[in-house]
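# A closer look at the structure
Here is what each chain is made of, one letter per residue.
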Amino acid sequence: MKKIALINDISGFGRCSLTAAIPVVSVMGIQACPLPTAVLSAQTDFGEYFCHDLTDKMNHITDGWKQMDEHFDGIHSGYLADAAQIGNVQYFLEQFRSEDTIYLADPVMGDHGRTYDMFSEEFLKGMKQLTRQADVITPNLTELCMLADVDYQEMITHRQDEDYLQCIKGICRRLLAGAHRKQTVIVTGIIRNHGEKVFVGNLAVTETEDFHIEHPYTGVGFSGTGDLFAAVICGSLVKGLSVRASMEKATYFLREAIEEASAAGLDPCHGVYFEKYLSRLL
Ligand code: PXL
């Protein structure tokens, strides 16, 4: 059975990070091997939360797995609780990355133009270095702008412009040019205006092609949807699907879950009822 190392936090509430990635990868018939970065009572958008940072424990887990002579088909890194953890992911890659390993780096740093609590300039510098080494990166638009030193607030004033997507593609190509290997950039949560209508979509850019999938925006962003998306992409690529097919699978899984959560007026901090839709990934 294929295996993916999931380097991410475990949050009791928020349906994000490991509580999102483990079920997704498992239902896809891949063994989920979690390397927790932190244990939280709830994801950080809740405002009040307890966080136990595992920075000084992570490499013990890496060393333990090395002693067991383990091998991973995929490595998926997500929420890192502080800048020092970027070095731990680096160490993990040195131990476990081989030619047949797909490394997906989700540069979790912020959303909707705001940064998460762990963010610092040092963190961004480290994340820029880490993402250059990945086969696939899955930033949301906020994170893409951070990685490319683009002003997000200025960027989104062009949401209704004809060439908005072209402009985002250009930023992705700049990142591809700076990457240390052939890379795919998948940007999530791109909101666009077509006249009165608002759409949200995901854009994949590779060296040779790009494609974009969008649908009407419900107006609400839910916790964990980026983590669920990244986990489906990692699982699909490990199973040998194309980037396009992986994106279609992730969209098929998430679209209705998000529409349902919006229509029901669920609290965005608790995430979407993805549990009901896991069978779509079978
Ligand atoms: O979904 C991204 C994420 C993951 N983990 C934690 C978070 C967040 C976003 O806020 O707080 C702990």
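See the structure above.
Described below are features of the structure shown in this document.

About the cut-offs
Residues numbered from 1 in each chain as written. Predicted model: local features only at pLDDT ≥ 70, side-chain atom pairs only at ≥ 80, totals over all residues. Heavy atoms only, no water. Helix = DSSP H or I, 4+ residues; strand = E, 2+ residues; numbered from the N terminus. Rg over C-alpha atoms; globule rule 2.2 N^0.38 Å. Buried < 20%, exposed > 50% of the residue type's maximum accessible area, 1.4 Å probe, protein only. Contact = heavy atoms within 4.5 Å. Areas by Shrake-Rupley, 256 points an atom, 1.4 Å probe, with all protein chains shown as cover. Pairing = 2+ DSSP bridges. Right-handed = clockwise from strand over helix to strand, strands pointing away. Core = buried A, V, L, I, M, F, W, Y, C linked by side-chain atoms within 4.5 Å. Near = heavy atom within 4 Å. Polar contact = N/O pair within 3.5 Å; in protein donor to acceptor, adjacent residues only side chain to side chain. Nonpolar A, V, L, I, M, F, W, Y, C, P; charged D, E, K, R; others polar.

Of regular secondary structure, the chain possesses nine helices and 11 strands. In terms of C-alpha radius of gyration, the chain reaches 18 Å, essentially the compact-globule figure of 19 Å for 282 residues. Dimensions of the chain, computed from the C-alpha atoms along their principal axes, are close to 60 × 40 × 35 Å. Across the 282 residues of the chain, 53% fall into the buried class. Of the contacts made within the chain by residues no fewer than 6 positions apart, 69% connect residues no fewer than 24 positions apart. Working note: accessible area of the chain is about 12,300 Å², and carbon and sulfur atoms make up 51% of it.

Attention now goes to the side chain of Thr225. Assignment of secondary structure puts Thr225 in helix α8 (residues 225–238). The residues touching Thr225, leaving out its near neighbours within four places in the chain, are Leu254, Ile258 and Val272.

On to the pairing of strand β4 (residues 74–77). Side-chain alternation along β4 places Gly74 and His76 on one buried face and Ile75 and Ser77 on a second face that is also buried. Bridge analysis of β4 against strand β5 (residues 102–105) gives four bridges, and the strand direction is parallel. Along β5, the bridge assignment pairs Ser77 with Ala105. A crossover links β4 with its parallel partner β5, the connecting element being helix α3 (residues 84–96), and its sense is right-handed.

Below, the discussion takes up the environment of Arg255. Secondary-structure assignment places Arg255 in helix α9 (residues 243–263). The partly exposed category is assigned to Arg255, whose relative accessible area is 35%. Put simply, Arg255 and Asp69 are 186 residues apart on the chain and 39 Å apart in space, counted from C-alpha to C-alpha. Look past the residues within four positions of Arg255 in its chain and what remains in contact with it is His215 and Pro216.

Our focus in this paragraph is the nonpolar core. Among the nonpolar cores identified, the biggest contains 51 residues, and Phe92, Leu144 and Ile168 are the most heavily contacted of them. Top contributing element to this core by residue count: helix α7 (residues 164–178), with seven residues. Ignoring anything within four residues of it in the chain, the contact list for Ile168 reads Leu141, Leu144, Met155, Val187, Ile190 and Leu203. Core analysis: the second largest hydrophobic core is formed by 38 residues, Leu104, Ile186, Ile233 and Leu266 among them.

Around the ligand, the structure places Asp9, Ser11, Cys16, Ser17, Leu40, Gln43, Thr44, Tyr79, Val108, Tyr116 and Asp227. A distance of 3.3 Å separates an oxygen atom of the ligand from a polar atom in the side chain of Gln43. One of the side-chain nitrogen or oxygen atoms of Asp227 is found 2.8 Å away from an oxygen atom of the ligand. For the ligand, whose unbound accessible area comes to 310 Å², protein coverage reaches 95%. Each residue belonging to the shell around the ligand can be placed in one class, and the counts come to five nonpolar, four polar and two charged.

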